[in-house]
Amino acid sequence: MKFAAKFTAELVTKFTAELVTKFAAELVTKFAALSGARAARRPGSGFMLLCGLGSGVFGMNQAQGAACCGKSSAAPFLMVGDDQTQLSLGVALGNVVAQIADDGVPNFGSSQNSETSQTYKLDLATLLSDRMQGGLSVPVTTYSVLRGGSAGGASTGSGISESSTGLGDLRLSLGYEVLPAWSYSSWKPQGFLFSALTLPTGRSYDGSSRTLATDVTGAGYFSWTVGALLLKKWTVWDAFLVPEIHYALPRTLWEREAAIGGGVAIGGDKRGDGRGDRGAATGPARGLETGTALRLSPGFGGSLGVGFGFSPRSGQLRLGFRLQPRVEQGVQVSAPAAGGGTLGSARDYVTSTGVSVATCDTGIDVSYMMSSVDSVSVSYVDQTLLGPALNSGLSRSLGIGFQHRWER
Amino acid sequence: MRNTLNVCTDSILTKFRANHQLWFGVALALSLGVSSVGVCGGGLQVQQVVQQVVEQVKAEPFPQLSGLDLVRGGLVRVKVRQARLGTVVVFLSMRCPCSASHQSILNQLSQRFTPLGFQFIGVHSNADEEAVAAGEYFRKSGLIFPVIQDNKSKIADTLGAFKTPHVFVLNPEGEVLFQGGVDNSHVALAAQRHYLRDALALIVEGKKPAQKEVRVLGCEIRR
């Protein structure tokens, strides 16, 4: 009996001692690990990565805008962090390096032609309520086109060089945080629904007065976009998904307007990018009779942005990669049948539909948090790397942006 | 021996909640082993330990709030049943300015509501903040309630704490009555809506908080 009691006591002592020792060892190990060298964490950097994601989304807008201007199909500028207001200023330099026809074969062109753009963009987003936000985007674009001249200089005797600057299409947006991140989850993403209205404040092709249409800075249509943004971050990784669809409202083009455009790009002037495809002319614009009208129906388009990012040591730097394929319906052009007439009458119409447009953006982003409220980002987007690509100019662009946030 | 047994029990409880199945197996095996020994007439003391573990696991609701107190040192174990009206658990950081700006208001709330039946407990879960440095910081912080060092962010994971300062108000049964930010601003002095204060005031009146969950502002907890 005594032996059994002694054995039990020993067992308890040993068991207890083991547990205490293990607990103490865990503490020591943890303390030692925590005392090791690690990245200094700036005050407020806990929400840095979310802001970094915002930079990525911003970069997506900006760099894509570089390819053309005032792009209407991408996600609007959204605040994904817990901020009151967010302002972004950026410039994107784009260069159209290839044209791809409806057969899907790219033509990288000659060195004697060049088409470049500089898009300056101001994006503003502010809270309207705890989960609702409103935004405004204002692009200003400078286009430079050289046809048949020397590659990087002034026009030659037979070449034409042209450059213009103008306001692009303004965009108003609303965003609602449908899936707020109010508590920790290892899988549940943060989610937004957004809607945006693009106003045709830029000059469209039919209003162009320049030979090479460098003054074209807008699509010429009202466009309505709806979409969602889902994003999730883990310790050093993050990922996002941005599906969106948009619809450009039909527009009636009277004979006088159409004649100015000369029918050059009426059929192709609908990529959701504000400029359309120079030289991708379709549509029966020429030879309209006085008093006749065209009805242009751009229809639907959509895109799916997907990307991920990495923040080394959860620090201030974020490296991101993204893809965004997008498609646009061909523009449907309706004109009165031979003999003239006006839209809305009982006369017969001739309708033709342009070729659909498809491109795929491949982008990389680098963003850096300078402080808890300021960040800079650099984005590179290339449309020549991945398909599908159809009936479009393909560009490479570099965007640089600065963001400032006002906290709640 | 009694103290040793308590430490042992606490440790088992903590680990039990962290990994139910494993420790249930350990407890079961121990019980069987002890029963065998008990047949020989010597397993009474161990059986008591096991019984104590089982009873405490049954009695104490989630979450298990125990660990090293970074403010006063030593181990601390908070029982949510001890507070008549509830327990306020607030996750804090030593580097987050948002967390720091709310420490004063948290002290004030603790002074006001502790006599009314609440207990306040801070939790430090950031894996990228050295525990030694955090201890030094919180000792100098002037906080009047304990701050538990949450190793491996177990408490944060159990409650779903996201940022600092993230507040949870638990009733004595361990149910979350309110969770979210202390108020609606990163800076306490700029706040216009005082979520925690209003929630506690309503609970004192015997009502439920107007909002069970609100947005939490601050710095994300690094796990």
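Before reading on, note that the structure itself is shown above.
Residues numbered from 1 in each chain as written. Chains lettered and ligands numbered in written order. Predicted model: local features only at pLDDT ≥ 70, side-chain atom pairs only at ≥ 80, totals over all residues. Heavy atoms only, no water.

A. Just the overall build of chain A, in detail. Within chain A, the regular secondary structure consists of three helices and 18 strands. Expressed as a percentage of the 408 residues in chain A, the buried residues total 52%. Pairs at least 24 residues apart make up 71% of the contacts formed inside chain A by residues separated by at least 6 positions. Carbon and sulfur atoms make up 65% of the accessible area of chain A, which totals about 16700 Å². (Helix = DSSP H or I, 4+ residues; strand = E, 2+ residues; numbered from the N terminus. Buried < 20%, exposed > 50% of the residue type's maximum accessible area, 1.4 Å probe, protein only. Contact = heavy atoms within 4.5 Å. Areas by Shrake-Rupley, 256 points an atom, 1.4 Å probe, with all protein chains shown as cover.)

B. Broad picture of unusual backbone geometry. In the segment running from T164 of chain B into P165 of chain B, the intervening peptide bond is cis, with an omega of 0°. As for its placement among the helices and strands, P165 of chain B is situated in the loop between β6 (163-164) and β7 (166-170). Its identity as a non-glycine residue notwithstanding, A213 of chain A has a phi of 55°, on the positive side. Here A213 of chain A lies in the loop between β7 (190-199) and β8 (223-233). A residue is classified by how much of its surface remains accessible, and A213 of chain A, at 8% relative accessible area, is buried. Even without being a glycine, K152 of chain B presents a positive backbone phi close to 60°. With respect to the secondary-structure elements, K152 of chain B resides in the loop between β5 (147-149) and α7 (154-159). The class of K152 of chain B is exposed, set by a relative accessible area of 54%.

C. How the structure looks around helix α6 (residues 131-140) of chain B. Residue and element names in this part refer to chain B. All of the buried residues along α6 are A131, A134, G135 and F138. Buried residues of α6 fall within an arc of 105° about the axis and therefore sit on the same side. Immediately downstream of α6, the backbone of G142 shows phi near 80°, a positive value. (Arc of directions from axis to C-beta.)

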